[in-house]
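If you want the building blocks of each chain, they are given just below.
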Amino acid sequence: MPDTKLCLEALSALSGCNVESTSGASQLSPQDFVNIVNLKEFYKQEGFKELEYPSLGTLSLQDVDDLDMYSAPPALTEGPSTAGPEQSLRATVKINPQDFFHPQYDYDFTNIKDGNTKFLRGNEQYIRPCGWNRVALHVVKKYDGGDSWLGTGKDAWPVSYNGQNMDGSLGIILTHGGSPSDEPQFLDAAAASLVTGETRGRGVYSTPDIKMADKYCKKFKSKVDGKTYKVVLQNRINPARRLKCQREDVWLVYVPEGSNDVQTRALVQESIRPYGLLLKQA
């Protein structure tokens, strides 16, 4: 496992919070982090400036490019580990590395090349994160219904990756390639796009392709070693909640118009579950 402090910096970069270690109980779970990452992107897409999250309060949706942070105005600068709002204004989150990470399932893909070898999760292609170092998150026995979602069989959920700013700005057009039972949800999403005169779906985006996530991922400069890293969350996505887009490398979890904050958060939580924190040098 990479240095624990480096992993905390990565979580800070993803969430926009100051993530610190504690020997007590973790304030947030891995699921909370994927919720925050996805909700921040969704509400930015909707034009909001802040996100209210239980136990944390108000989180700023403002983001500053890491590479520009030294030349930014003083009110927007911060320490060299992460980018975002001024560090003193960021929420502080305590996590216990012992119950948050799961080193038994760490896997270093840094020097692995899969070539033409195919892998499946839930009978769908799994593009492994070659070139990245995966830090496993402790998610086993954390959800109702068992751990089949995390497996390799037909009941497993497909793998997706979260990237920063992966939203409707990609000009994504929805397509319908699912089962007939998905038709009402798909038509709702398509109709919403037509009403607003846009070709994008309203919701949370992710990708099954690590190369796509690499293009849109978060970067941060570490205080641990002074190097710049990229960070991505590796997730499983509920196939019953996912809509495919015209671009095969983009998936959408549709958020219906009129959904309140609680409903939107619940939808994300039912749809996307994290299991790996991916790191590599930029």
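Residues numbered from 1 in each chain as written. Predicted model: local features only at pLDDT ≥ 70, side-chain atom pairs only at ≥ 80, totals over all residues. Heavy atoms only, no water.

### A closer look at the overall build of the chain
Thought 1: Within the chain, the regular secondary structure consists of 6 helices and 15 strands.
Thought 2: Counting only residues that meet the buried cut, the chain has 51% of its 282 residues in that class.
Thought 3: Summed over its atoms, the accessible surface of the chain is roughly 13200 Å², and 49% of this surface lies on carbon and sulfur atoms. (Helix = DSSP H or I, 4+ residues; strand = E, 2+ residues; numbered from the N terminus. Buried < 20%, exposed > 50% of the residue type's maximum accessible area, 1.4 Å probe, protein only. Areas by Shrake-Rupley, 256 points an atom, 1.4 Å probe, with all protein chains shown as cover.)

### Notes on the sheet that holds strand β13 (residues 242-244)
What holds strands together in a sheet is hydrogen bonding between their backbones, with the strands either parallel or antiparallel.
Thought 1: Taken in spatial order, the 3 strands line up as β10-β14-β13 in an open sheet, and their pairing is antiparallel. Only two strands of the sheet have a single neighbouring strand rather than two, namely β10 (203-206) and β13. On average, adjacent strands in this sheet sit at an angle of 35 degrees to one another, irrespective of strand direction.
Thought 2: As judged from the 4 bridges shared by β10 and strand β14 (residues 251-254), these two strands associate in the antiparallel manner. Its bridge partner lying in β14, Tyr 205 is registered against Leu 252. (Pairing = 2+ DSSP bridges. Axes fitted to C-alpha atoms, helices over the stretch in contact; angles between N-to-C directions.)

### Topic: the packing of aromatic side chains
Thought 1: Within this structure, the stated rule accounts for 8 aromatic pairs.
Thought 2: Centre to centre, the rings of Phe 42 and Tyr 43 are 5.1 Å apart; their planes meet at 65 degrees, and the pair counts as edge-to-face.
Thought 3: Accessibility expressed as a relative area gives 1% for Phe 42, which makes it buried.
Thought 4: For Tyr 43, a relative accessible area of 7% corresponds to the buried category.
Thought 5: Plain terms: the ring middles of Tyr 143 and Trp 149 are 5.2 Å apart, the flat faces sit at 80 degrees to each other, and that makes the pair edge-to-face.
Thought 6: Accessibility expressed as a relative area gives 3% for Trp 149, which makes it buried.
Thought 7: By way of ring pairs, the aromatic residues Phe 33, Phe 100 and Phe 101 are connected into one cluster. (Phe/Tyr/Trp six-rings, centres within 6.5 Å; stacked < 30°, edge-to-face > 60°.)

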